[in-house]
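# Report on the structure
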Amino acid sequence: MKELVETIAKAIVDNPEQVVVNEVVGEKSVILELSVAEEDMGKIIGRQGRIARAIRTVVKAAATREGKKAIVDIQDN
Amino acid sequence: MNFIRQEGKTVEEAVEIALEKLGLREEEAEIKVIDEGSKGLLGLIGARNAVVEVKVKVNPMQTGKEFLENILEKMSCQARVEVDESKTDEEQIYYNINGPDLGIIIGHRGETLDAIQYLTSLVVNKHSDRYWRILLDAEGYRLRREETLEKLARRLADKAIATGRKVVLEPMPPHERRIIHMALREDKRISTYSEGKEPFRRVLIERVDRI
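Residue numbers restart at each chain and count upward from 1, following the sequence in its written direction. Naming scheme: in the order in which they are written, chains are lettered from A and ligands are numbered from 1. Residue-level local features of this predicted model are given only where pLDDT is at least 70; pairs of side-chain atoms are given and counted only at 80 or more, and the full residue set underlies all totals for whole chains, interfaces and linings. Working from all heavy atoms in the structure, the side-chain values ignore hydrogens and water.

## Focus: the overall build of chain A
Strands are runs of DSSP state E lasting at least 2 residues, helices are runs of H or I lasting at least 4, and numbering of each runs from the N terminus. Check the secondary structure of chain A and you find 3 helices and 3 strands. The reference for a compact globule is 2.2 Å times residues^0.38; the radius of gyration itself is calculated from the C-alpha atoms. Relative to the 2.2 N^0.38 estimate, which gives 11 Å for 77 residues, the radius of gyration of chain A is 12 Å and therefore close to what a compact globule would have. Viewed in the frame of its principal axes, chain A has a C-alpha envelope of about 35 × 20 × 20 Å. With a 1.4 Å probe rolled over the protein chains alone, any residue whose accessible area is under 20% of its type maximum counts as buried; one over 50% counts as exposed, and the rest are partly exposed. In chain A, buried positions account for 44% of the 77 residues. For accessible areas, the Shrake-Rupley method is used with a probe of radius 1.4 Å. Any residue's cover is judged against the shown protein chains and nothing else. As displayed, chain A offers around 4300 Å² of accessible surface, 44% of which is attributable to carbon and sulfur atoms. A positive count includes Lys and Arg, and a negative count includes Asp and Glu. His and the chain ends are not counted in either. By convention, the charge on Lys lies at NZ, on Arg at CZ, on Asp at CG and on Glu at CD. Separation of charge centres in chain A, based on 12 positive and 13 negative side chains, amounts to 10 Å.

Laid out in structure tokens, this is it:
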């Protein structure tokens, strides 16, 4: 799950080397804390959160397969 | 490395060195002349080297394919990604995903497929000098959905004509709303339009009553 978020984020931002994903695994849920360079925040959130929503949809689908709930938490710098 | 700034006595020489370093042929590279250089007076005073920037020309089809293969793999989804040449032209790239068990990447009403399609379009257009529309299908899902929507449109249009009441459809993404509008375009007894904000925008079908 962590790798999936990393792959997507790195492909979209201008500073892929600054993409960090921290995975917090719970019993039924996984929290994925995503942080990117400050100037890339817009690239990861998108207008009206459209990009963030798309990332969450894809990650949620992957998590469902593992019988888990995934929460993608975009970190504020 | 896919980008290089190179100096040389002449533009030709700089390009040649840069291509050599990148291991590219000229048609595979994008070349920008930064400084044409100058021989100077009598080749002595004010002589300046030529400077060029050379980078790998991006292949949008390949970029999208690699991104898709990458995320499908990370989703533990065994699937093949292919460009559908018959639906690909100078404006759009159409990808087909084939494999077993693609329900997970299609999602409820194609929601996941739409999300992957949108992300792929961001990735492809990020390095492209012009806009490519990206379309994604998995195991013929789009085609089946299109047929379903066309039938639905016809049925609801008949209902609007029969009852004289506005028929409100459920929220749909833009390309699905377009299918409804297109399916009913020829029917002059009704008109179709959309209302609301994304992602809750929906189509309405209304009977046209001429006086």
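## Some words on the nonpolar core
Among buried residues, the Ala, Val, Leu, Ile, Met, Phe, Trp, Tyr and Cys ones that are joined through side-chain atoms within 4.5 Å form a nonpolar core. The biggest cluster of nonpolar side chains holds 54 residues, and the ones touching the most others in it are A:Ile8, A:Leu32, A:Leu34, A:Val59, B:Met75, B:Ile105 and B:Leu119. The greatest single-element share of this core, amounting to 9 residues, is contributed by helix 3 (residues 50–65) of chain A.

## Examining the interface of chain B and chain A
Think of interface size as the accessible area that goes away when the parts come together; that is how it is often given. What makes two residues a contact is simply this: any of their non-hydrogen atoms within 4.5 Å. Counting residues at the interface gives 19 residues for chain B, matched by 18 residues for chain A. Of all residues in chain B, B:Lys74, B:Tyr118 and B:Lys126 give up the largest surface area on contact with chain A, accounting jointly for 32% of the area buried on that side. Within this document, salt bridges are pairs made up of a side-chain nitrogen of Lys or Arg and a carboxyl oxygen of Asp or Glu, the two lying within 4 Å of each other. At the boundary of chain B and chain A, one finds 1 salt bridge. With a shortest N-O distance of 2.7 Å, B:Lys126 and A:Asp14 are connected by a salt bridge. Throughout, buried area stands for the accessible area (probe radius 1.4 Å) lost by two parts on being put together, summed over both.

## Comments concerning the sheet that holds strand 6 (residues 133–138) of chain B
Residue and element names in this part refer to chain B. Strands were regarded as paired on the criterion that DSSP finds at least two bridges between them. Strand order in this open sheet of 3 strands is 4-5-6, and the pairing throughout is mixed. Both edges of this open sheet fall to strand 4 (80–83) and strand 6, since each of them pairs with a single strand only. Ignoring strand direction, the axes of neighbouring strands in this sheet form an average angle of 25 degrees. Bridge count for strand 4 against strand 5 (residues 92–98) is 4 bridges, and the pairing is antiparallel. Looking at the pairing, Val81 lines up with Ile97 of strand 5. Note on method: axes are straight lines fitted to C-alpha atoms, helices fitted across the in-contact stretch only, with angles between N-to-C directions ranging 0 to 180 degrees. Packing against the sheet, helix 2 (residues 60–74) makes contact with strand 4, strand 5 and strand 6, and its axis sits at approximately 30 degrees to strand 5.

## Description of the packing of helix 1 (residues 2–12) of chain A against helix 4 (residues 111–126) of chain B
Relative to each other, helix 1 of chain A and helix 4 of chain B sit at 40 degrees, their axes nearing to 9 Å. Viewed along their axes, helix 1 of chain A and helix 4 of chain B adopt a mutual orientation that is oblique. Between helix 1 of chain A and helix 4 of chain B, the residues in contact are A:Ile8, A:Ala11 and A:Ile12 and B:Leu119, B:Leu122, B:Val123 and B:Lys126, respectively. An angle below 35 degrees is read as roughly parallel, one above 145 as roughly antiparallel, one from 65 to 115 as roughly perpendicular, and any other as oblique.

## Overview of the domain arrangement of chain B
For the domains described, the bounds stem from an automatic or database domain assignment. Partitioning chain B into structural domains gives domain 1 (3–56), domain 2 (60–139) and domain 3 (144–207). Between the C-alpha centres of domain 2 of chain B and domain 3 of chain B there is a distance of 27 Å.

## Focus: the side chain of B:Thr112
With respect to the helices and strands, the residue B:Thr112 is situated in helix 4. Relative accessible area serves as the criterion here: at 4%, B:Thr112 is assigned to the buried category. Leaving out residues up to four positions away in the same chain, B:Thr112 has contacts with A:Thr57, A:Val58, A:Ala61, B:Ile104, B:Ile105, B:Ile106 and B:Gly107.

## A word on the sheet that holds strand 3 (residues 50–56) of chain B
Remark on secondary structure: sheet strands pair via backbone hydrogen bonds, oriented parallel or antiparallel. Residue and element names in this part refer to chain B. On the basis of which strands lie adjacent, the open sheet formed by 3 strands has the order 1-3-2 and antiparallel pairing. Whereas interior strands pair on both sides, the edge strands pair on one side only; in this sheet they are strand 1 (3–8) and strand 2 (29–35). Across the sheet, the mean angle separating the axes of adjacent strands is 25 degrees when strand polarity is ignored. Against the sheet, helix 1 (residues 11–22) makes contact with strand 1, strand 2 and strand 3, and its axis sits at roughly 140 degrees relative to strand 1, the strand it touches most.

## Looking at the pairing of strand 5 of chain B
Residues and elements named next belong to chain B. Counting buried positions over the 7 residues of strand 5 gives 6, a clear majority of the element. Pairing geometry for strand 5 and strand 6, over 6 bridges, is parallel. Along strand 6, the bridge assignment pairs Gln92 with Arg133.

## Considerations on the packing of aromatic side chains
Note on aromatic contacts: the rings of Phe and Tyr and the six-membered ring of Trp form a pair at centre separations within 6.5 Å, being stacked when their planes are under 30 degrees apart, edge-to-face when over 60 apart, and tilted otherwise. Tallying each qualifying case throughout the model produces 0 aromatic pairs over all chains. Look at NZ for Lys and CZ for Arg. If either is within 6 Å of the ring centre and within 35 degrees of the ring normal, a charge sits over the ring. Looking at A:Arg50, its charged tip hangs above the ring of B:Tyr118, at a distance of 3.9 Å from the centre. One residue, B:Arg130, lies across the ring of B:Trp132, its end atom 4.3 Å from the ring centre.

## With respect to the environment of B:Arg201
Residue and element names in this part refer to chain B. With respect to the helices and strands, Arg201 occurs in the loop between strand 8 (190–195) and strand 9 (202–207). By relative accessible area, which is 26% here, Arg201 ends up partly exposed. Arg201 has contacts with Pro171, Met172, Arg177, Ser194, Glu195 and Gly196, leaving out every residue within four places of it along the chain.

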